[in-house]
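Topology and contacts: notes
Here is how the chains run, residue by residue.
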Amino acid sequence: MADFILDFEKPIIELEKKINDLKDLNSENDIDLDSEIERLEQKHVNLVKKIYTKLSRWQRVQVARHPKRPYSFDYIERISDSFLELHGDRQFADDKSVIAGVGLLDGRQVVFVAQQKGKNTKDNLFRNFGMSRPEGYRKALRIMKMSAKFRRPVICLIDTPGAYPGMGAEERGQAEAIARNMMEMSILPVPIVVVVIGEGASGGALGIGVGDRLLMLENTWFSVISPEGCASILWHDASKAEMAAEAMKVTAQDMYDMGICDRIIIEPLGGAHHDYDGIAKEVRTAISEELEVLEKIEPEELVERRIAKYDRIGVWEE
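Residues numbered from 1 in each chain as written. Predicted model: local features only at pLDDT ≥ 70, side-chain atom pairs only at ≥ 80, totals over all residues. Heavy atoms only, no water.

1. Brief notes about the overall build of the protein
Across its full length, the protein holds 14 helices and eight strands. For 318 residues, the compact-globule estimate of 2.2 N^0.38 gives 20 Å, and the C-alpha radius of gyration of the protein, at 21 Å, lies within 12% of that figure. Judged by the C-alpha coordinates and their principal axes, the protein covers about 70 × 50 × 45 Å. Long-range contacts, defined as pairs at least 24 residues apart, comprise 71% of the intrachain contacts of the protein with a sequence gap of at least 6. Entry remark: accessible area of the protein is about 15800 Å², with carbon and sulfur atoms responsible for 54%. When the 43 basic and 54 acidic side-chain charges of the protein are each reduced to a single mean position, those positions are 3 Å apart. (Helix = DSSP H or I, 4+ residues; strand = E, 2+ residues; numbered from the N terminus. Rg over C-alpha atoms; globule rule 2.2 N^0.38 Å. Contact = heavy atoms within 4.5 Å. Areas by Shrake-Rupley, 256 points an atom, 1.4 Å probe, with all protein chains shown as cover. Lys, Arg positive; Asp, Glu negative; His and termini not counted. Charge placed at Lys NZ, Arg CZ, Asp CG, Glu CD.)

Here you go:
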């Protein structure tokens, strides 16, 4: 993972290597290379801007999946002044792909519900690659109902390649668990802010994705199916995922243009994986600003507005 490089990032990495080599020479010898290093560093900034401001939809999907990208715990530990994780669905098990608990956000008591991927192979097996089972969604619902009881806003962080499709998950009611969460979240009488921090795939994302405001980081995607899955169905060829991503319009900007996403959070230059603290600060500010508005709305009106918001999605005129 340390050497993970996306294809379009190669020119950037090569230039960074050249800059580092010159810095080593500069420190080891009496040669003055400061002006050349400064020139290359400015060239590096311009190159990153040029590449990252013109990413294709498929390239943004790749950035959303970057293994060095910050995951839910990385955000929670930076934006929550304190966090106490709660475990188990009180029915079957504790799904480690779902983090749920209580914390403080700028002095405000909130509830976090988030999907967590692993940082390495061992951790990914522990977190089931961010793919939740029914007990994960039921844990999330248990904690969200607790938030309603104590009048605490809910913050949901989405990052999943989809709900786990295993036989055991289906036997324990995967579809029912997701559907129930969507129904219950639609009428939960507290503010819900949903933030897509990476992948927002299929029902796996929708299981904790119904809220008053949907925020998406700049290099994230949100869709009913992954580009590879779409390509496999339409063209029987998963390698045509890039074509599928363009046709499906899966990016944050696409979601904003269609009225599904309410706000795009701009990432640091080069993507969120280049500045954990910087992107966490932006996410914290965005969530706080949204909650400041939502908390002034009476619960009954909040629910009515939330239902109306989803009623408008997918409606068009000819």
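2. Some details on the pattern of salt bridges
Overall, the coordinates contain 32 salt bridges when judged by the stated rule. Across the pair glutamate 41 and lysine 23 runs a salt bridge whose closest N-O atoms are separated by 3.1 Å. Taken together, the residues span a long stretch of sequence, with glutamate 41 in helix H2 (residues 34-52) and lysine 23 in helix H1 (residues 10-28) at a distance of 18 residues. Judged by its relative accessible area of 32%, glutamate 41 is partly exposed. Each of Arg213, Asp262, Arg263, Glu289, Glu290 and Lys309 takes part in a single network of salt bridges with overlapping partners. (Salt bridge = Lys/Arg side-chain N within 4 Å of Asp/Glu carboxyl O. Buried < 20%, exposed > 50% of the residue type's maximum accessible area, 1.4 Å probe, protein only.)

3. Looking at the nonpolar core
Grouped together as the largest cluster of nonpolar side chains are 30 residues, with contacts concentrated most on Val113, Met144, Val154, Cys156, Met216 and Phe222. Elements represented by at least two residues in this core include exactly strand E2 (98-105), strand E3 (108-115), helix H6 (134-149), strand E4 (154-160), helix H8 (174-186), strand E5 (192-201), strand E6 (213-217) and helix H12 (252-257). (Core = buried A, V, L, I, M, F, W, Y, C linked by side-chain atoms within 4.5 Å.)

4. Some remarks on the pairing of E4
Counting buried residues along E4, seven of its seven residues qualify, which places the element largely inside the surrounding structure. Every second residue of E4 is oriented toward a common face, with Val154, Cys156, Ile158 and Thr160 on one face and Ile155, Leu157 and Asp159 on the other, all of them buried. Two elements, E3 and E4, share four bridges in a ladder whose sense is parallel. Along E4, the bridge assignment pairs alanine 114 with leucine 157. Across six bridges, the pairing between E4 and E5 is parallel. Residue pairing across strands places leucine 157 opposite valine 195, the latter belonging to E5. (Pairing = 2+ DSSP bridges.)

5. A short note on the layout of surface pockets
By volume, the second largest pocket is sized at about 190 Å³. For the second largest pocket, the full set of lining residues is Asp212, Arg213, Gly259, Asp262, Leu294, Ile297, Leu302, Arg305, Arg306, Lys309 and Arg312. The element that contributes the greatest number of residues to the lining of the second largest pocket is helix H14 (residues 299-312), accounting for five residues. (1 Å grid on protein atoms, 1.4 Å probe; cavity = no way out; pocket = protein on both sides within 12 Å on 5 of 7 lines; lining within 4 Å. Points joined across faces, edges and corners; volume = space filled by probe spheres on them.)

6. With respect to the side chain of asparagine 219
Here asparagine 219 lies in the loop between E6 and strand E7 (221-223). Excluding residues within four positions of it along the chain, asparagine 219 makes contact with Leu55, Arg60, Val63, Ala64, Arg69, Glu267 and Gly271.

7. Considerations on the packing of H1 against H2
It is at 10 Å that the axes of H1 and H2 come closest, and there the two elements cross at 165 degrees. Taken together, the axes of H1 and H2 are roughly antiparallel relative to one another. Seen along the crossing, H1 lies across H2 with a hand that is left-handed. Contacts between H1 and H2 pair Pro11, Ile12, Leu15, Glu16, Lys18, Ile19, Leu22, Lys23 and Asn26 from the former with Asp34, Glu36, Ile37, Leu40, Glu41, Lys43, His44, Leu47, Val48, Ile51 and Tyr52 from the latter. Among the residues forming the contact of H1 with H2, the class breakdown is 11 nonpolar, two polar and seven charged. (Axes fitted to C-alpha atoms, helices over the stretch in contact; angles between N-to-C directions. Parallel < 35°, antiparallel > 145°, perpendicular 65-115°, else oblique. Left-handed = near helix turned anticlockwise from the far one by under 90°. Nonpolar A, V, L, I, M, F, W, Y, C, P; charged D, E, K, R; others polar.)

Function cannot be inferred from these measures alone, as they are strictly geometric.
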